[in-house]
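Reading the structure
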Protein chains: 2
Amino acid sequence: MVINKGVNSAVRMAKKERQRQLVKALEEDPFLTDEEMAKRCRVSIQTIRLDRMELGIPELRERIKHMAENNFDGVRSLSLEEVIGEVVDIQLDQSGISMLEIKKEHVFARNQIARGHYLFAQANSLAVAIVDAEVALTGSAGIRFVRPVRLGEKCLAFAKVITNGPSRLQINVQTKVNGEVVFQGVFDVYRTDEEGQ
Amino acid sequence: MVINKGVNSAVRMAKKERQRQLVKALEEDPFLTDEEMAKRCRVSIQTIRLDRMELGIPELRERIKHMAENNFDGVRSLSLEEVIGEVVDIQLDQSGISMLEIKKEHVFARNQIARGHYLFAQANSLAVAIVDAEVALTGSAGIRFVRPVRLGEKCLAFAKVITNGPSRLQINVQTKVNGEVVFQGVFDVYRTDEEGQ
């Protein structure tokens, strides 16, 4: 009985502490997946899901949707549907975030690894989307596929303007799955406010 | 009458000479478009079409199909349908050619300019396709969009293996429209004959 009580209270303590950490971690990085939180806390994903339910924290996709509805600048250089992935945040000429879930149509039939051009498309379209201009076109890019991405993984691309000139921007894009970098690229984007350059 | 006769024979001479040049040019570069030949010969595209009909030379698309049916190695690293564009030629571990016609779904709604990731996808998938291995994945790439490509243009990508190691190849891809370079890239591709690297 005494032992049981001890175990129970230890479990309760652990849970409280875990939930406290969970809230804090999500404040710092709202893109944390359940998988990643489970790994950090050394519990099952199911446990994290239950924690979130108890705390009233929606799942990643819902959190992203909520962010997307609230706070981003209007995209100027293309229409929002032309961005590959879901736009989560856009701060024109500064930064942007998008999410692409790797589905069947994105992978090689043979090994379920995401085809490189989808990761490129996500990053490139996000880089173009954050440019504050009527017309923005990629001039060149240096990219690296850091590790293969597989079916079902959620790719979060983070774009950041590095240099910001009147007609040319350099934009860095890093794409992560569960906090791990899977793709990175530097894009040189040219802009103009007139059509037909 | 005499003048008319003279003009007619001059026209006939020009035509014969033009058709001779046409045959020779197509032997050297079977990817010449009617537009380009018209420009070279300073005649209308319609004239070139008539020349081709008289000479029994099919149009570019048909010529490409014909080449594609005849002479290429089997693609190993992916299935043929996974190559973006029509494969014209594949010589494993050496070179490859593909053709992508820019259609409505490939362009920005706003300015009818082809989206960069389609040109990237054509080049990248061709680079992977020519690798003689069960599994080939792009590690990194440096690319340049030389000039915007527009709706209706036919992009011919030419891939060439530059360095060919047991586990890593460097492949150069140049994409042309009417003989003019529109895109170029260098792709580092890793290969293995086992699944799941």
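Now for a description of the structure that goes with this document. Worth saying up front: this structure is predicted, and the values here are computed from it rather than measured.

1. Examining the relation of the copies chain B and chain A
The operation linking the two copies of the chain is a rotation about an axis combined with a translation along the axis. Each copy of the sequence occupies a distinct position, and chain B is placed on chain A by a rotation of 180° and an axial shift of 0.0 Å, giving an RMSD of 0.1 Å. Such a combination of rotation and displacement between the chain copies is what one expects of a two-fold axis. For chain B, the smallest separation between a C-alpha atom and the rotation axis is recorded for Gly142 of chain B, amounting to 2.2 Å. Looking at chain B, 100% of its interface residues are interface residues in chain A too, so the copies touch through the same face.

2. Regarding the nonpolar core
One finds Ile143, Ile171 and Phe187 of chain A together with Ile143, Ile171 and Phe187 of chain B to be the most contacted residues of the largest nonpolar core, which totals 82 residues. Sequence-distant contacts of Phe187 of chain B, that is, excluding residues within four places in its chain, are made with Phe120, Ala123, Asn124, Ala127, Thr138, Ser140, Ala141, Ile143, Leu169, Gln170, Ile171 and Val173 of chain B.

3. Quick look at the interface of chain B and chain A
Contact residues are listed per partner, giving 35 residues for chain B and 35 residues for chain A. Per-residue buried area on chain B facing chain A is highest for Glu82, Arg110 and His117 of chain B; these three make up 22% of the total on that side. A salt bridge links Arg110 of chain A to Glu134 of chain B, with the shortest nitrogen-to-oxygen separation between them at 4.0 Å. Taken together, the connections running from chain B to chain A amount to 14 residue pairs in polar contact (both at pLDDT 80 or more). Elements that contribute at least two residues to the side of chain B that touches chain A include exactly helix H5 (116–129) and strand E3 (135–145) of chain B. Among the elements that line the side of chain B that touches chain A, the one with the most residues is E3 of chain B, at 10 residues. Taken together, the residues of the side of chain B that touches chain A break down into 14 nonpolar, 13 polar and eight charged. Bridge count for strand E3 (residues 135–145) of chain A against E3 of chain B is five bridges, and the pairing is antiparallel.

Parameters and conventions
- Residues numbered from 1 in each chain as written.
- Chains lettered and ligands numbered in written order.
- Predicted model: local features only at pLDDT ≥ 70, side-chain atom pairs only at ≥ 80, totals over all residues.
- Heavy atoms only, no water.
- Least-squares fit on C-alpha atoms with pLDDT ≥ 70 in both.
- Contact = heavy atoms within 4.5 Å.
- Core = buried A, V, L, I, M, F, W, Y, C linked by side-chain atoms within 4.5 Å.
- Buried < 20%, exposed > 50% of the residue type's maximum accessible area, 1.4 Å probe, protein only.
- Buried area = accessible area lost by both parts, 1.4 Å probe.
- Salt bridge = Lys/Arg side-chain N within 4 Å of Asp/Glu carboxyl O.
- Polar contact = N/O pair within 3.5 Å; in protein donor to acceptor, adjacent residues only side chain to side chain.
- Helix = DSSP H or I, 4+ residues; strand = E, 2+ residues; numbered from the N terminus.
- Nonpolar A, V, L, I, M, F, W, Y, C, P; charged D, E, K, R; others polar.
- Pairing = 2+ DSSP bridges.

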